[in-house]
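Read off the chains here:
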Amino acid sequence: MSKILLVVEGEKVEKELFEHFYKLYQLNNVQIVAYKTNIYHFYNRLKKDFSNASGEIEYEFIDLPLFLNDYLNLEEEQKLNTYDFKDKILVFDFDPHDPQYSEAKIMELIENFSNSTDLGKLYINYPMIESYKDIENFNVDAFVERTIHIDDLQRVGRLSGYKKIVDKRTCIKRIPDIDENVANQLLQLNRRKFEVMVNEPYVEAENHDKLCEIQCQKLAITREIAVINTSILHLYDEYGEIK
């Protein structure tokens, strides 16, 4: 059976979260690979490996599994085979507080990684993965209005300020506490916020470039980011809500 390649930014939270969601969907054909650094380092590595003489990334030459084999220096028995995967999903954080943040870079990536059956489909979490639980309850209106200021993303000790804020106010204390009902409510909340932000009905796997552009503009004007987790929506895009 063909598999799904899920490339995530971090090794811990993302892996636990998506393994749990895939279990709720009763799926076992997913291979999760941690890239281990953020989206701007990912862009820089693509530019290093696939740039033409003009310095532009030649996306048509990127084979994601082969690229990961090289980047992660995988042993022979661990190497990824392109032909094993029917879909390729990438999940990264927006991370606008990173010194390398660039609207141009992130827009270029989301416009090119737009098809899971081709190069791969990029899903961005705003501002980061913890946005999946940035709720005190399941009130739609409250979540639609939720934003975070860029100053609140700065690291405080070993944790980002945002992670501390979320841990304090969330009603979801542990990933294993997410059952089918809670998971579907999280999908509904993020889907509805997506619709409000792009001012269009939700269409599976579409308008992510429009959402990203809106977020970049909002950041530039207000220094705030609308909290939304698009990464869990990749499951809804493919399978709908959990039955």
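Residues numbered from 1 in each chain as written. Predicted model: local features only at pLDDT ≥ 70, side-chain atom pairs only at ≥ 80, totals over all residues. Heavy atoms only, no water.

Visitor: Just checking my understanding: could you explain the overall build of the chain for this structure?
Guide: Helix and strand content of the chain: nine helices and ten strands. Taken over C-alpha atoms, the radius of gyration comes to 17 Å for the chain, in line with the 18 Å a tight globule of 243 residues would show. With the C-alpha coordinates of the chain rotated into their principal frame, the extents come out at 45 × 40 × 40 Å. In the chain, which comprises 243 residues, the proportion classed as buried is 51%. Contacts spanning at least 24 positions in sequence make up 75% of the contacts within the chain whose residues lie at least 6 apart. Summed over its atoms, the accessible surface of the chain is roughly 11,800 Å², and 44% of this surface lies on carbon and sulfur atoms. Averaging the positions of the 30 positive and the 44 negative side-chain charges in the chain gives two centres separated by 6 Å. (Helix = DSSP H or I, 4+ residues; strand = E, 2+ residues; numbered from the N terminus. Rg over C-alpha atoms; globule rule 2.2 N^0.38 Å. Buried < 20%, exposed > 50% of the residue type's maximum accessible area, 1.4 Å probe, protein only. Contact = heavy atoms within 4.5 Å. Areas by Shrake-Rupley, 256 points an atom, 1.4 Å probe, with all protein chains shown as cover. Lys, Arg positive; Asp, Glu negative; His and termini not counted. Charge placed at Lys NZ, Arg CZ, Asp CG, Glu CD.)

Visitor: Hey, could you run me through helix α4 (residues 103–112) in this one?
Guide: Every α-helical turn comprises 3.6 residues, leaving residues that sit three or four positions apart pointing alike. For α4, the complete set of buried residues consists of Ile106, Met107, Leu109 and Ile110. Along α4, the residues classed as buried sweep out an arc of 160° about the axis, all on the same side. Considering only its buried residues, α4 is in contact with α2 (39–50), β4 (114–115), β5 (120–126) and α8 (208–222). (Arc of directions from axis to C-beta.)

Visitor: Just checking my understanding: could you explain the pairing of strand β3 (residues 85–93) for this structure?
Guide: Counting buried positions along β3 gives eight out of nine residues, so the element sits mostly inside the fold. As defined by bridge partners, strand β1 (residues 3–8) adjoins β3 across six bridges and the pair is classed as parallel. Directly across from Leu5, in β3, lies its bridge partner Lys88. Where β3 lies against β5, five bridges are found, and the strand directions are parallel. Across the sheet, residue Val91 finds its bridge partner in β5, namely Tyr123. (Pairing = 2+ DSSP bridges.)

Visitor: I would appreciate a short explanation of the nonpolar core in the present structure.
Guide: In globular proteins that are soluble, nonpolar side chains generally tend to be buried together. Phe18, Leu46 and Ile178 are the most contacted members of the largest nonpolar core, which has 80 residues in total. Counting residues per element, this core draws most heavily on helix α7 (residues 180–198), at eight residues. Those residues in contact with Ile178 that lie beyond four places of it in its chain are Leu17, His20, Phe21, Leu24, Tyr132, Ile172, Ala183 and Leu186. (Core = buried A, V, L, I, M, F, W, Y, C linked by side-chain atoms within 4.5 Å.)

Visitor: Teacher, can you tell me more about unusual backbone geometry here?
Guide: It is generally the case that most residues other than glycine have a negative phi and that most peptide bonds are trans. Each neighbour pair has its own omega, and for Tyr126 with Pro127 the value is 0°, a cis peptide bond. The backbone phi angle of Asn73 is positive, close to 55°, even though this residue is not glycine. With respect to the secondary-structure elements, Asn73 resides in the loop between α3 (64–71) and β3. A residue is classified by how much of its surface remains accessible, and Asn73, at 63% relative accessible area, is exposed. Positive phi, normally seen in glycine, also occurs at Arg223, with a value near 65°.

Visitor: How should the packing of aromatic side chains be read in this particular structure?
Guide: Two numbers describe a pair of aromatic rings. These are the distance of the centres and the angle of the planes. Across all of its chains, the model carries 16 aromatic pairs by this definition. An angle of 20° between the planes, with centres 6.3 Å apart, marks the rings of Tyr35 and Phe67 as stacked. Note that Tyr35 is positioned in the loop between β2 (30–34) and α2 and Phe67 in helix α3, a separation of 32 residues in sequence. A relative accessible area of 4% places Phe67 in the buried class. Between Tyr59 and Phe113 the ring centres are 6.0 Å apart and the planes differ by 85°, which places this aromatic pair in the edge-to-face class. Of this pair, Tyr59 sits in the loop between α2 and α3 while Phe113 sits in the loop between α4 and β4, placing them 54 residues apart in sequence. Of the two residues, Tyr59 and Phe113, both sit in the buried class. (Phe/Tyr/Trp six-rings, centres within 6.5 Å; stacked < 30°, edge-to-face > 60°.)

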